[in-house]
Amino acid sequence: MAKHVFLTGPPGVGKTTLIQKVTQALKSSGIPIDGFYTEEVREGGRRTGFDVVTLSGKRGPLSRVSSDSSTSGREYRVGQYVVDLVSFEQLVLPMLRNVNHGSGAEKQICVIDEIGKMELFSQAFIQAVRQTLTGSGTVVLGTIPIPKGKPLDLVEEIRSRKDVKVFNVSKENRNSILQDILAAVESCRK
């Protein structure tokens, strides 16, 4: 029996857009939901980084294009991006800890978009995600990248969990899959 729902698919296929649509639908039916998604930051038509946006409306940098190639101190990099771990953790960890202490008869939903390379630099985030997945009162609606290169431990762990339903999002199905995702999330809450 699935307890959590994850979307996977290539970058830019529309996982975050789907998450946002599902979130809107759930919110409008009065279901308790919290979490975060990752949004592109663009300047003059080119992507300069990513922001973390929480469902409560807070926003902070996740990563930015690094202008110089010299690394200052302890730097976390993914390709051309430098990850702002402090900003990410300050936004996301309190929300995840809060979700884990929810006590209600109703299962709440926690959006985690995404569990990817940048986010996984944070050991505290990895721990918090594991706790949220094992906790009983929360349904996680998340996104994970498709396997590429070196496997990411937590991502593979999630992919192989018996209590996780994974939807593969593609250009072909992204416009027709919304109801299936909603139905899956609803059944996880039962």
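Residues numbered from 1 in each chain as written. Predicted model: local features only at pLDDT ≥ 70, side-chain atom pairs only at ≥ 80, totals over all residues. Heavy atoms only, no water.

### Quick notes on the packing of aromatic side chains
- One pass over the full model with this rule turns up five aromatic pairs.
- With centroids separated by 5.1 Å and ring planes inclined at 70 degrees, the aromatic side chains of Phe88 and Phe125 adopt a geometry described as edge-to-face. You can see Phe88 sitting in helix H2 (residues 85–100) and its partner Phe125 sitting in helix H3 (residues 123–134), a full 37 residues away along the chain. The two residues Phe88 and Phe125 agree in class, both being buried.
- Within the aromatic cluster, the residues linked to one another by ring pairs are Phe36, Phe88 and Phe125.
- In this structure, Lys165 packs its charged tip against the face of Phe167, placed 4.9 Å from the ring centre. (Phe/Tyr/Trp six-rings, centres within 6.5 Å; stacked < 30°, edge-to-face > 60°. Helix = DSSP H or I, 4+ residues; strand = E, 2+ residues; numbered from the N terminus. Buried < 20%, exposed > 50% of the residue type's maximum accessible area, 1.4 Å probe, protein only. Lys NZ or Arg CZ within 6 Å of the ring centre and 35° of its normal.)

### Some remarks on the pairing of strand S4 (residues 59–65)
- One ladder, built from five bridges, connects strand S3 (residues 46–54) with S4; its direction is antiparallel. Paired with Phe50 across the strands is Ser63, a residue of S4.
- Pairing geometry for S4 and strand S6 (residues 81–83), over three bridges, is antiparallel. For Val65, the partnering residue across the bridge sits in S6 and is Tyr81. (Pairing = 2+ DSSP bridges.)

### Observations concerning the sheet that holds S6
- Taken in spatial order, the nine strands make up an open sheet running S5-S6-S4-S3-S2-S7-S8-S1-S9, and their pairing is mixed. Each edge of the open sheet is held by one strand with a lone partner, namely strand S5 (76–78) and strand S9 (164–168). In this sheet, neighbouring strand axes are inclined to one another by 25 degrees on average, regardless of whether the strands run parallel or antiparallel.
- Here S5 runs beside S6; their pairing, made up of three bridges, is antiparallel. Bridge pairing links Arg77 to Val82 in S6.
- Contacts from helix H1 (residues 15–28) reach strand S1 (4–9), strand S2 (33–43), strand S7 (108–112) and strand S8 (138–145) within the one sheet, and its direction differs from that of S2 by about 140 degrees. (Axes fitted to C-alpha atoms, helices over the stretch in contact; angles between N-to-C directions. Contact = heavy atoms within 4.5 Å.)

### A few points about the nonpolar core
- Of all hydrophobic cores here, the largest spans 32 residues; its most connected members are Val92, Leu96, Ile112, Ile115, Phe125, Val129 and Ile158.
- Of all the secondary-structure elements, those providing two or more residues to this core are S3, S6, H2, S7, H3, S8 and helix H4 (153–159).
- Element by element, the count of residues in this core is highest for H2, at eight residues.
- Those residues in contact with Phe125, other than ones at most four positions away along the chain, are Phe36, Phe88, Val92, Leu93, Leu96, Ile112, Glu114, Ile115, Glu119 and Leu120.
- Listed in part, the 24 residues of the second largest apolar core include Val13, Val22, Ile31 and Val53. (Core = buried A, V, L, I, M, F, W, Y, C linked by side-chain atoms within 4.5 Å.)

### Describing the packing of H1 against helix H5 (residues 178–188)
- Running from N to C, H1 and H5 cross one another at 55 degrees; their axes reach a closest spacing of 10 Å. Regarding the angle of H1 to H5, the classification is oblique. For the pair H1 and H5, the crossing hand works out as right-handed. Residues Leu18, Lys21, Val22, Ala25 and Leu26 of H1 form the contact with H5, whose own contacting residues are Leu178, Ile181, Leu182, Val185 and Glu186. (Parallel < 35°, antiparallel > 145°, perpendicular 65-115°, else oblique. Left-handed = near helix turned anticlockwise from the far one by under 90°.)

### A look at the layout of surface pockets
- Its boundaries defined by the atoms lining it, the largest pocket holds a volume of some 970 Å³.
- Lining the largest pocket are 36 residues; nearest its centre among them are Pro11, Gly12, Lys15, Phe50 and Glu114.
- At the level of elements, H1, S2, S3 and H4 are the ones that each hand at least two residues to the lining of the largest pocket.
- With four residues, H1 is the largest single contributor of residues to the lining of the largest pocket. (1 Å grid on protein atoms, 1.4 Å probe; cavity = no way out; pocket = protein on both sides within 12 Å on 5 of 7 lines; lining within 4 Å. Points joined across faces, edges and corners; volume = space filled by probe spheres on them.)

So far we have only geometry, and geometry alone does not tell us how the molecule works.
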